[in-house]
Amino acid sequence: ARFVRITQTAGATGLPPLVVCHSMGGLVAQAWLCAGADAPNRVHGIVTFGTPYGGTGLARADLLGLARQMRPGHAWLRVQDEALPAACRLRFTCWYSLCDNIVFPAARACLPGAQNRPAHALAHVEMVFDPVLRRETLAMLEEESEAPTRGPGPTDAHESPPPKTGTGGWCTLN
């Protein structure tokens, strides 16, 4: 019963949806892709805003343990990263910001092998509501419905490599 909306959207439109995730939602989508053999074929792509693929230092301050898995170096993050095949990574577009006040340094919001794009001067929650990012994300629906076949790295004027910091239909998932 996981990801029922993806199945419903595909059934209603006849097309695989573009899954849009914020923060922890991107980790959920990554885990879903790793868990299901047919999962990558069920989505047009996955777009994430400020997802802490490399963890976030703020998770260390979590006294209740709700964000324990998002601590940098946590075993769960490593397992998810190792389980995600290179072909699946190409389906991800990851927005990161040097001004993200939750996931920092910015490189922690980048998924190796994915299309990592800068969200200039936007805080963690601002990325979701920015009209430019929304427009660029919706434009991805106009692209070919097949998974990208290009390798990682910048390929057009809108893409850029992950920052070098030295340290280390819409379906929404929050």
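Each remark here, short or long, concerns the structure printed above.
Since we're looking at a predicted model, the values are computed, not measured.

About the cut-offs
- Position numbers for residues start from 1 in each chain and track the written sequence from start to end.
- Residues qualify for local features only when their pLDDT is at least 70, as the model is predicted, and side-chain atom pairs are given and counted only at 80 or more; totals for whole chains, interfaces and linings, by contrast, use all residues.
- Hydrogen atoms and water are omitted, and side-chain values are computed over all heavy atoms in the structure.
- Burial classification: accessible surface area is computed with a 1.4 Å probe over protein chains only, and a residue below 20% of its type maximum counts as buried, one above 50% as exposed, and the rest as partly exposed.
- Here a helix means four or more residues in a row that DSSP labels H or I, a strand means two or more in a row labelled E, and each is numbered from the N terminus.
- By the convention used here, strands pair only if DSSP detects at least 2 bridges between them.
- Only centres within 6.5 Å qualify two rings of Phe, Tyr or Trp (six-membered ring in Trp) as a pair; their planes then separate them into stacked at under 30 degrees, edge-to-face at over 60, and tilted for everything else.
- What makes a nonpolar core is a set of buried Ala, Val, Leu, Ile, Met, Phe, Trp, Tyr and Cys residues whose side-chain atoms join them at distances within 4.5 Å.
- Two residues form a contact once any of their heavy atoms are found within 4.5 Å.
- Under this definition, polar contacts are N or O atom pairs within 3.5 Å; protein pairs additionally need one hydrogen-donor-capable and one acceptor-capable atom, and for neighbouring residues in sequence, both atoms have to be side-chain atoms.

Asker: Would you mind showing me how to read the pairing of strand E3 (residues 92-96) here?
Answerer: Every other side chain in a regular strand lies on the same face of the sheet, so the side chains alternate between the two faces. Among the 5 residues of E3, 5 are classified as buried, and the element is accordingly described as predominantly covered. Going residue by residue along E3, you find Phe-92, Cys-94 and Tyr-96 tucked away on one face and Thr-93 and Trp-95 tucked away on the opposite face as well. As judged from the 4 bridges shared by strand E2 (residues 45-49) and E3, these two strands associate in the parallel manner. Bridging from a neighbouring strand, Phe-49 pairs with Trp-95 of E3. Relative to strand E4 (residues 115-118), E3 runs parallel, the two being bridged by 4 bridges. Each residue of the ladder has a partner; that of Trp-95, found in E4, is Arg-117.

Asker: Hey, could you run me through the packing of aromatic side chains in this one?
Answerer: Applying the stated criterion to the full structure yields 2 aromatic pairs. Measuring from ring centre to ring centre gives 6.4 Å for Phe-49 and Trp-95, while their planes differ by 10 degrees; the resulting arrangement is stacked. One end of the pair, Phe-49, is in strand E2; the other, Trp-95, is in strand E3, with 46 residues separating them in the sequence. Comparing Phe-49 with Trp-95 shows no difference in burial state: the two are buried. On the basis of an interplanar angle of 85 degrees and a centroid distance of 6.3 Å, the ring pair of Tyr-53 and Phe-92 is categorised as edge-to-face.

Asker: How should I be thinking about unusual backbone geometry in this particular structure?
Answerer: Both trends apply: most residues other than glycine have a negative phi, and most peptide bonds are in trans. Cis rather than trans, the peptide bond between Phe-104 and Pro-105 has omega equal to -5 degrees. Its identity as a non-glycine residue notwithstanding, Ser-23 has a phi of 55 degrees, on the positive side. We classify Ser-23 as buried; its relative accessible area is 14%. Backbone geometry at Ala-121 places phi at a positive 55 degrees, although glycine is not the residue there. Along the chain, the position of Ala-121 falls in the loop between E4 and helix H5 (126-129).

Asker: How should I be thinking about the nonpolar core in this particular structure?
Answerer: Generally speaking, soluble globular proteins have nonpolar side chains that are buried together. With 22 residues, the main nonpolar core has Trp-32, Leu-33, Ile-46, Phe-92 and Leu-111 as its most contacted residues. The set of elements that each furnish at least two residues to this core consists of strand E1 (18-22), helix H2 (24-35) and E3. In terms of residue count, the dominant contributor to this core is H2 (4 residues). When near neighbours in sequence (up to four residues on either side) are disregarded, Ile-46 contacts Leu-18, Val-19, Cys-21, Ala-29, Leu-33, Arg-91, Phe-92 and Thr-93. In terms of nonpolar packing, the next biggest core, distinct from the first, is built from 10 residues, Ala-119, Leu-122, Leu-133 and Met-140 among them.

Asker: Got a minute to help me understand the side chain of Thr-48 in this structure?
Answerer: Mapped onto the fold, Thr-48 is located in strand E2. Residue classification places Thr-48 among the buried positions, given a relative accessible area of 0%. Here Tyr-53 takes part through its side chain, which lies 3.1 Å from a polar atom of the side chain of Thr-48. Non-local contacts of Thr-48, meaning those with residues more than four positions away in its chain, are made with Cys-21, Gly-26, Tyr-53, Phe-92, Thr-93, Cys-94 and Trp-95.

Limitation: the analysis is restricted to geometry and does not speak to function.
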